[in-house]
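Fold and contact review
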Amino acid sequence: MKSFEFLSKKREEKPRSKGITMVLDKGLGLETAESLMNISGEYVDYLKFGWGTSIVHEQEIIQAKVEMYKSHDITPYTGGTLFELAYMNGKLEDFFQEAHELGFPAIEISDGSITIPHDKKVECIRLARENGFEVLSEVGKKDPNLDKELSLDERIQYMQEELDAGSSLIIVEAREGGKNIGIFDKSGNAKEDEIDYILDNFDGSKLLWEAPNKDQQVFFILKLGNTVNLGNVSSDDITSLETLRRGLRGDTVGKI
């Protein structure tokens, strides 16, 4: 039983279909990660092994972390940059095989750092599904100048095509910093008109908004409710975000 539970708003229990939280693992040690999940794992739905961090750590550690996360009913998955490296080097088959061997049930497919024709990206989503993976795909570029070349209509078209190809969630790119990229301006403020346009033309329940900063998380919760899907959450901010979702922090008290 939680302390002071009578003062808290309840949320849908896992497996959740809404109010999804995706946390970014930038290289946590096994014991640190396990301790964190013991206290906060029930508030995490997806755990991304950030970009190419899996390459620089021992397989045994990655495998142990994957199994530990799964024991908390969390879906761990490989970061999109890892897929891009595999695609760029013609190693997709090897990538899928090792991801299976390490126990990953899901992978991210993106083209944020390299150029992949969109029809090829869609093929990769289908191929990953055929290989037994859940797929989360990301739309957007990591270079702000290249990202700005994507119109809203193009983003929405890509989102729909990737959803139709089998992605379970479409990630809206904002990187780890959440500034001057995608739906955020140079100060990290949300471009509300662009967000509204996306929501008017795409199923918002299938979107995972990258919102690494607290002000961005508050914005989405106040705008779309505490069941909004949020990603790239720091491992340090799991409890903080959950209190925002439940109206237990000044930013959302009495507002949701």
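Residues numbered from 1 in each chain as written. Predicted model: local features only at pLDDT ≥ 70, side-chain atom pairs only at ≥ 80, totals over all residues. Heavy atoms only, no water.

**Side note on the pattern of salt bridges**
Summed over all chains, the structure comprises 19 salt bridges. For E192, the salt bridge goes to K223, with nearest N and O atoms at 3.0 Å. Of this pair, E192 sits in helix α8 (residues 192–201) while K223 sits in helix α9 (residues 214–224); the two residues are 31 residues apart in sequence, bridging distant segments of the chain. Since its relative accessible area comes to 38%, E192 is described here as partly exposed. With relative accessibility at 27%, the residue K223 sits in the partly exposed group. Salt-bridge contacts for K223 lead to D196; the nearest nitrogen and oxygen are separated by 2.7 Å. Residue K223 is located in helix α9, and its partner D196 is located in helix α8; the two are separated by 27 residues in the primary sequence. Taken together, the shared-partner salt bridges connect D111, K121, K141 and E162 into one network. (Salt bridge = Lys/Arg side-chain N within 4 Å of Asp/Glu carboxyl O. Helix = DSSP H or I, 4+ residues; strand = E, 2+ residues; numbered from the N terminus. Buried < 20%, exposed > 50% of the residue type's maximum accessible area, 1.4 Å probe, protein only.)

**What to know about the nonpolar core**
Ranked by size, the top nonpolar core spans 58 residues in total, and within it W209 and F220 carry the most contacts. Residue contributions to this core peak at 5 residues, all from helix α4 (residues 92–102). I20, L169, I171 and L208 belong to the second largest nonpolar core, which has 9 residues in total. (Core = buried A, V, L, I, M, F, W, Y, C linked by side-chain atoms within 4.5 Å.)

**A look at a negative patch on the surface**
Side chains of E93, D94, E98 and E101 sit close together on the surface and give a patch of like negative charge. By the secondary structure assignment, E93 is in helix α4. Judged by relative accessible area, E93 falls into the exposed class, the value being 67%. (Patch = residues over 30% accessible without salt bridge, like charges linked within 9 Å, V, L, I, M, F, W, Y side chains within 5 Å. Areas by Shrake-Rupley, 256 points an atom, 1.4 Å probe, with all protein chains shown as cover. Lys, Arg positive; Asp, Glu negative; His and termini not counted. Charge placed at Lys NZ, Arg CZ, Asp CG, Glu CD.)

**A look at the packing of aromatic side chains**
Per the stated rule, a full pass over the model turns up 10 aromatic pairs. Summarising the aromatic geometry, the rings of F95 and F96 are spaced 5.8 Å apart at their centres and angled 45 degrees between planes, so their arrangement reads as tilted. Look at F96 and you get buried, because its relative accessible area is 3%. Put simply, the rings of F184, W209, F219 and F220 touch in pairs and so form one group of aromatic residues. (Phe/Tyr/Trp six-rings, centres within 6.5 Å; stacked < 30°, edge-to-face > 60°.)

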